[in-house]
Protein chains: 2
Amino acid sequence: MSKLRLGISMSLDGFVAGPSQSVDNPLGIGGMRLHEWVFPLRAFRQMHGLEGGEVNDSTAILEETFANIGATVMGRNMFGGHPGSWDAGEPWNGWWGNNPPYHHPVFVLTHHARAPLALEGGTTFTFVTGGIEAALEQARRAANGKDVFLAGGANAARQYLVANLVDEMGISLSPILLGQGERQFDGVGSDLHGLELVRTVAASKVIHLKFARV
Amino acid sequence: MSKLRLGISMSLDGFVAGPSQSVDNPLGIGGMRLHEWVFPLRAFRQMHGLEGGEVNDSTAILEETFANIGATVMGRNMFGGHPGSWDAGEPWNGWWGNNPPYHHPVFVLTHHARAPLALEGGTTFTFVTGGIEAALEQARRAANGKDVFLAGGANAARQYLVANLVDEMGISLSPILLGQGERQFDGVGSDLHGLELVRTVAASKVIHLKFARV
């Protein structure tokens, strides 16, 4: 069966977002620092239609993260926008502009029903109000044999972890402190729900940890 | 000047001890799991007068941790024992028996004055009630040009970090969750007080991160 693969960036003190998160700033204060390793990469810039950039030990990790992915599941804050504005005169269509970097079906966990949204380049957003298992089932069907990427945020990731539904977990650990914010593992408990560390790659400003079912 | 070098073992979710810590069980419930990487090592077993054991990628890290150390500073819970019993009929002399593995002067941060304690093999425990700077000053003098090891626990480590007194920090990160307990970095804030990641070594069941002033 196709795998559910979680990918997150986390600080040394366990935060995946800084304090004062909101739908306008889902990473919270300082949270962007968690992703500093990815922005300079040529592979990342290409995904977003930009030229230039560098190749380093993170490149293969980033490429692997998105290889063989046929669909994505994400939490509602990751899609962003105020629910009240979703169906208003100028609806919120996500952070990524008219041509999002997914190029495959994306399923958004939400309590607010909304019609599917088809954007350029093959990315469609489907809004699922039936819970995490319904979203995963739809994503698996859409992925058509490929794997499903779980993009976060923390709350969505936590729900899938606790339900033992995550088959692989990539943590890109930034050697920084955020001090406050949202912790990935609060409430997950004291075991990794079947996951074990299987690989460590140290790169510039980040350590990539790969966990899998063994 | 001689460096102050901190060494800790921490879980993926940032804990250095499990819940229900006490002077009788300073690692808390499950906290021993943080140290599972060290017990099988021949180098560790030798320090504790035991034979056998294995050599792996953690061996060099453990040897480096204790190389060129002339004195140790530790918090009061790390020394252990109930203060009321320190000067009683059968005084508490630490966790390590009559021949502790330090073999150099150890300075214990405490609010309870006690006469120095000289044990076998060159280990002396000196109880310092004057605070972290006084303890460090005494340890530096005793180290006689060598470095000072900061053994923890979390509270002592935090105080030295926040005071910008830590020159090197080794974190042995266990890829496990504890879920509850004492977090190393709670209250430290959102910066590493001058420290930066300078080396990552992945070994069996642990990732060794070395931070230093750059």
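Keep in mind that this is a model prediction, so the values were computed, not measured.

Quick look at the overall build of chain A now. A tally of helices and strands in chain A yields five helices and eleven strands. Since a compact globule built from 214 residues should have a radius of gyration of about 17 Å, the 17 Å found for chain A is in line with a globular shape. With respect to the principal axes defined by its C-alpha atoms, chain A has extents near 45 × 40 × 35 Å. Counting only contacts in chain A whose residues sit at least 6 apart along the sequence, the fraction spanning at least 24 positions is 64%.

Glancing now at the nonpolar core. The nonpolar side chains of a soluble globular protein tend to be buried with one another. If you look at the biggest cluster of nonpolar residues, it comprises 104 residues, and the most contacted ones within it are Leu150 of chain A together with Leu150 of chain B. Discounting residues that sit within four places of it in the chain, Leu150 of chain B has contacts with Leu4, Arg5, Leu6, Val73, Ala156, Ala157, Tyr160 and Val166 of chain B.

Our focus in this paragraph is helix 4 (residues 132-143) of chain A. Residues and elements named next belong to chain A. With twelve residues, helix 4 extends 16 Å from end C-alpha to end C-alpha; this agrees with the ideal 16 Å at 1.5 Å per step. Three or more residues of helix 4 are buried, namely Ala135, Leu136, Ala139, Arg140 and Ala143. Seen from one end, helix 4 has its buried residues packed into an arc of 135°, which puts them on one side. Looking at the packing, one finds that the buried side of helix 4 touches strand 1 (4-11), strand 3 (69-74), strand 4 (105-109), strand 6 (124-128) and strand 7 (147-150).

The subject of this paragraph is the relation of the copies chain B and chain A. Each copy of the chain is related to the other by a rotation around an axis and a translation along that axis. Its rotation angle being 180°, the transformation that places chain B on chain A also includes 0.0 Å of axial translation and leaves an RMSD of 0.0 Å. Within this description, the copies of the chain are treated as partners about a two-fold rotation axis. Considering only C-alpha atoms, the part of chain B nearest the rotation axis is Gly14 of chain B, at 3.0 Å.

All right, on to the sheet that holds strand 5 (residues 117-118) of chain B then. Residue and element names in this part refer to chain B. Spatial strand order, 5-6-4-3-7-1-8-11-10: nine strands in an open sheet with mixed pairing. Each end of this open sheet is capped by a strand with a single partner; those strands are strand 5 and strand 10 (195-203). In this structure, strand 1 (residues 4-11) lies alongside strand 7 (residues 147-150), joined through three bridges in parallel fashion. Each residue of the ladder has a partner; that of Leu4, found in strand 7, is Val148. With respect to the sheet, helix 2 (residues 57-66) is in contact with strand 1, strand 3 (69-74), strand 8 (168-174), strand 10 and strand 11 (206-213), its orientation differing from that of strand 10 by roughly 140°.

Across the boundary between the two partners, chain B contributes 19 residues, which contact 19 residues of chain A. Those elements that place two or more of their residues in the side of chain B that touches chain A are strand 10 and strand 11 of chain B. Top contributing element to the side of chain B that touches chain A by residue count: strand 10 of chain B, with three residues. Of the residues that constitute the side of chain B that touches chain A, the class distribution is eleven nonpolar, six polar and two charged.

Bringing the sheet that holds strand 1 of chain A into the picture now. Residue and element names in this part refer to chain A. Pairing is mixed in the open sheet, where nine strands are placed in the order 5-6-4-3-7-1-8-11-10. Only two strands of the sheet have a single neighbouring strand rather than two, namely strand 5 (117-118) and strand 10 (195-203). Along the sheet face, helix 2 (residues 57-66) touches strand 1, strand 3, strand 8 (168-174), strand 10 and strand 11 (206-213) and points at about 140° away from the line of strand 10. The sheet strands contacting helix 4 are strand 1, strand 3, strand 4, strand 6 and strand 7, and the helix crosses strand 3 at an angle near 160°.

All names here are of chain B. As paired elements, strand 10 and strand 11 share eight bridges and run antiparallel to each other. Among the inter-strand pairings, Val201 is bridged to a residue of strand 11, identified as His208. Turn length for the strand 10-strand 11 hairpin, with the two strands adjacent in sequence and antiparallel, is two residues, and the turn residue Lys205 shows positive phi of about 60°.

With that settled, consider helix 2 of chain B. All names here are of chain B. Taken as a whole, helix 2 has its buried residues at Ser58, Ile61 and Leu62. Down the axis of helix 2, the smallest arc covering the buried residues is 100°, so these residues share one side. Looking one or two places after helix 2, you find Asn68, whose phi comes out positive at around 60°.

Our next topic: unusual backbone geometry. Among all residues save glycine, negative phi is the norm, and among peptide bonds the norm is trans. Residues and elements named next belong to chain A. Each neighbour pair has its own omega, and for Gly152 with Gly153 the value is 0°, a cis peptide bond. Inspection of the secondary structure assignment puts Gly153 in the loop between strand 7 and helix 5 (154-162). The phi angle at Lys205 is positive, at roughly 65°, despite the residue not being glycine. Positionally, Lys205 belongs in the loop between strand 10 and strand 11.

Turning our attention to the environment of Ile8 of chain A. All names here are of chain A. Considering the arrangement of structural elements, one finds Ile8 in strand 1. Taking the C-beta count within 10 Å as the criterion, Ile8 has 18 such neighbours and is therefore assigned partly exposed. When the C-alpha positions of Ile8 and His35 are compared, they lie 9.5 Å apart, and in sequence the two are 27 residues distant. Ignoring any residue separated from it by four or fewer positions in sequence, one finds Ile8 in contact with Val16, Gly152, Ala157, Ile171 and Gln184.

Reading the values: rules and limits
Residues numbered from 1 in each chain as written. Chains lettered and ligands numbered in written order. Predicted model: local features only at pLDDT ≥ 70, side-chain atom pairs only at ≥ 80, totals over all residues. Helix = DSSP H or I, 4+ residues; strand = E, 2+ residues; numbered from the N terminus. Rg over C-alpha atoms; globule rule 2.2 N^0.38 Å. Contact = placed C-beta atoms within 7 Å. Core = buried A, V, L, I, M, F, W, Y, C linked by C-beta atoms within 7 Å. Buried ≥ 20, exposed ≤ 12 C-beta atoms within 10 Å, placed from the backbone. Expected span 1.5 Å × (residues − 1). Arc of directions from axis to C-beta. Least-squares fit on C-alpha atoms with pLDDT ≥ 70 in both. Pairing = 2+ DSSP bridges. Axes fitted to C-alpha atoms, helices over the stretch in contact; angles between N-to-C directions. Nonpolar A, V, L, I, M, F, W, Y, C, P; charged D, E, K, R; others polar.

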